Each structure stands twice: as structure tokens, then as C-alpha cells.
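So you can see what is in the structure, the chains are spelled out below.
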Amino acid sequence: FKSGPSNFADNNIAVDSAHQRIFLTDDQAGSIDLFLPPAKDSQTITGSVVSFLTTGLHKQSIGVNGRLGRLYLADGSERALSVFDENSGKKLASIPICSDPVPPIRVDEASGRVYIVCSEGQELDVINGKTNSVLARVPVSPYPEGLAFNTATGRIYVADEGNIDGSNNDDNDGTTITVIDGQSFTVLGTLQVGRGPDGVEADPALRRIYVAVESSNALVEISDSTGIPLQGAPNLRQTAAINQAVSLLQKAALLTLCLMLVTLVLATRGALLQRSRARGSPQIPPGGASSRSATRTPPV
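Residues numbered from 1 in each chain as written. Predicted model: local features only at pLDDT ≥ 70, side-chain atom pairs only at ≥ 80, totals over all residues. Heavy atoms only, no water.

Description of the sheet that holds strand β19 (residues 218-223)
If you trace the 3 strands from one edge of the open sheet to the other, you get β17-β18-β19, paired in antiparallel fashion. Every interior strand has two partners, whereas the edge strands, β17 (197-203) and β19, have only one. Going from strand to strand, the sheet's axes swing by 20° on average, the running direction of each strand aside. Pairing between strand β18 (residues 208-213) and β19: 6 bridges, direction antiparallel. Looking at the pairing, Val211 lines up with Val220 of β19. (Pairing = 2+ DSSP bridges. Helix = DSSP H or I, 4+ residues; strand = E, 2+ residues; numbered from the N terminus. Axes fitted to C-alpha atoms, helices over the stretch in contact; angles between N-to-C directions.)

Regarding the packing of aromatic side chains
The full count for this structure, using the stated rule, is 2 aromatic pairs. Between Phe23 and Phe52, the aromatic rings sit 5.2 Å apart at their centres with planes inclined by 70°, giving edge-to-face as the arrangement. Of the two residues, Phe23 sits in strand β2 (residues 21-26) while Phe52 sits in strand β4 (residues 48-54), which places them 29 residues apart along the sequence. Judged on exposure class, the residue Phe23 and its partner Phe52 are both buried. (Phe/Tyr/Trp six-rings, centres within 6.5 Å; stacked < 30°, edge-to-face > 60°. Buried < 20%, exposed > 50% of the residue type's maximum accessible area, 1.4 Å probe, protein only.)

With respect to the sheet that holds strand β13 (residues 147-150)
Ordered by their spatial adjacency, 4 strands build an open sheet running β13-β14-β15-β16, and the pairing between neighbours is antiparallel. Every other strand in the sheet has two partners, leaving β13 and β16 (187-192) as the edge strands with one partner each. Neighbouring strand axes in the sheet, compared pairwise and without regard to direction, differ in orientation by 20° on average.

Section: the pattern of salt bridges
Per the counting criterion, the structure on display carries 5 salt bridges. Here Arg137 makes a salt bridge to Glu123, at a shortest N to O gap of 3.6 Å. Of the two residues, Arg137 is situated in strand β12 (residues 133-139) and Glu123 in strand β11 (residues 123-128); the sequence distance between them amounts to 14 residues. A salt bridge links Asp125 to Arg137; the shortest N-O distance between them is 3.0 Å. With a gap of 12 residues between them, Asp125 in strand β11 and Arg137 in strand β12 connect regions that are remote in the sequence. Using a relative accessible area of 35% as the deciding quantity, one classes Arg137 as partly exposed. One salt-bridge network, held together by shared partners, links Glu123, Asp125 and Arg137. (Salt bridge = Lys/Arg side-chain N within 4 Å of Asp/Glu carboxyl O.)

A closer look at the state of the cysteines
Going through the model one piece at a time under the given rule, you end up with 1 disulfide. Cys98 shares a disulfide with Cys118; S-S distance 2.1 Å. With the S-S bond torsion at 85°, the cross-link from Cys98 to Cys118 turns out right-handed. One end of the pair, Cys98, is in the loop between β8 (91-96) and β9 (101-108); the other, Cys118, is in strand β10 (residues 113-118), with 20 residues separating them in the sequence. By relative accessible area, which is 8% here, Cys98 ends up buried. Among the residues examined, Cys118 registers a relative accessible area of 0% and is labelled buried. (Disulfide = S-S within 2.5 Å.)

Focus: a nonpolar patch on the surface
A cluster of nonpolar side chains, Leu254, Leu257 and Leu261, forms an exposed patch at the surface whose accessible area comes to about 290 Å². Position of Leu254 relative to the elements: it lies in helix α1 (residues 236-280). (Patch = residues over 30% accessible without salt bridge, like charges linked within 9 Å, V, L, I, M, F, W, Y side chains within 5 Å. Areas by Shrake-Rupley, 256 points an atom, 1.4 Å probe, with all protein chains shown as cover.)

Thoughts on the confidence of the model for the chain
Detailed conclusions should not be drawn from predicted coordinates in areas where pLDDT is low. For the chain, mean pLDDT is 79; residues scoring 70 or higher make up 74% of the total. Every residue in residues 289-295 is under pLDDT 50, and counting partners more than four places away or in other chains gives 3 contacts. (pLDDT = per-residue confidence, 0-100. Contact = heavy atoms within 4.5 Å.)

Notes on unusual backbone geometry
That bond from Pro103 to Pro104 is cis: its omega, 5°, falls within 30 degrees of zero. Take Pro104: it is sitting in strand β9. For Asn132, which is not glycine, the phi torsion reads 55° and is therefore positive. Among the structural elements, Asn132 can be located in the loop between β11 and β12. Notably, Tyr143 is not glycine yet its phi reads approximately 50°, a positive angle. Mapping Tyr143 onto the fold places it in the loop between β12 and β13.

A short note on the pairing of β18
Burial along β18 is one-sided: the face carrying Ile209, Val211 and Val213 is buried and the face carrying Arg208, Tyr210 and Ala212 is not. Sheet analysis places β17 next to β18, joined by 5 bridges and oriented antiparallel. Across the sheet, Val200 pairs through a bridge with Val211, a residue of β18. The hairpin turn running from β17 into β18, its antiparallel successor, is 4 residues long, and Arg207 in that turn takes a positive phi close to 55°.

See below:
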């Protein structure tokens, strides 16, 4: 289907299978559209699209919990997770989250938990969807991207892409996925999957984890079990702190350079204006010599 001049971002989709609703964020219009599939007894094969909510945000990730009837919208500009009533669109809560949340938002309808991974914040935030509170903030490897949880093994998987979200640089440094215990939220370790892991999906029934590896255009299939040989978990909190400090220093250096350029431009402009004014004003010799020579009486 097509709903006009929309610009639906990848992964910015949430499906409520219980109520047959599909929510899509339109980054260009800063809104959320609702797609309603055709009824089973309908004679048409196409559904309908209605405008559900106008947010004004142009960078947003979305998730839905059909059991609770709640819609979740991660706002990258305000670093907050907004909670809406799925039926009325009324805002119910705003929960502080880490910097630069990226899609997809994962929702466990059985437990009510909401999982959000943040690229620049280098963190996994776990939200209690029943109380709208933060359960855990788990540091992960630099610039994570993909996210999945497996209800069969109780583990959470985060792709360590290693490339800042929104960057056009394809030289991804990440080669692992981080494995997190879903109860204690401790990092169990990492698993090598190839350079540039991006999307992650879990199949609880088959106990399989699927990882899309961007740099090699490959799909890695992993048998999800407690016997997976994991590498030792690095000090991710310290690494995240270092990377965030480096990012702040880079931003400060860029800001300083911009201020220096602005100062240089203003100083140059001032000097040119002063020179232009000097050229346009009449030149008077020192001591008023011109005026004295004009009034001097010639000798007899």
C-alpha cells in the first residue's frame, strides 16, 4: 500500500497482531500512520491507512504492546520514550532514555518489558512497560544497532556494529554480538559473527539467533543455548565512558573550529569596512595645512 508522499524509515514499524493494527512512523512528515488490513469478510484486498498521531519528530523509533494497549515512541532529540494509549493516542508517560535510540524497539508482551538500544549512548535500556519505569541500563559495545531477545533462553542479543548511526561510513569496526542475561541484566560475553553485524532476530521455538552481517552481505545462524562459547565480557562501562568522552571532545573541537572561523570572518569584514570608509572620506593633511594655505595672504 502507499499513503501519499511518505518516507517510512526501515524498521520503524510496529505490529499489533491481536487487534490487527500496523503502525508506521513517517520521518518526513513527523507523524505515525495506522494501517488497517481488510476484514476477513471484506470484498477488497487492500486495507486502509489513517493518520494516527502527529509528533513533529523526524527521528523516531516505534513499538507496540497489544496486551497493554500501549504504543511506544523513542524520541532521539529529547532522549525520552513516550508512551501513548494505542486506542486514543493520548500520551500517558515520558521515560528518560539514553542518547540516540535506534530502531527497532523490541517489546515482550508477556512480561511487558520494552528493550531500546542507543547508538551514541552505547547502552541498552530495559523499561518496565507496566509501571513505565527503567528496569536496567546496560552498557554495550560502541555504536550498537540490532537488538533481539529470546524468551526460550532468557537472553538478550545486541549487535556491536561499531558505526555511529546516521554515518555514511561503511568501515564498521564491530565484529561481535553482546549476550546479556535477561534476568540479572549482566553481560555474559560476546560472540564473533563477522564484521559489521546489523540486524538481529530470534526464533524462540527453534532456539535460533539470526544476525545480518553488513560488510560481508551474509546471514549468520546461531544455535541459542547456554553452551555457546562466549568470549570474556570486556569492561563495557569503561569503554562506553571513554568513547563518549572522545565524542564530546570531537564535538568541542568542531565547535571551537567553527567559532574561530566565525571570528576570523567577522574580523576580516570589519577590517575591510574600515578600509572602505577610509578611502571614501576626504584626506586632510596633518595640522590643517590645507586650510591655512587656502587663507594665507600673498606678500606685497
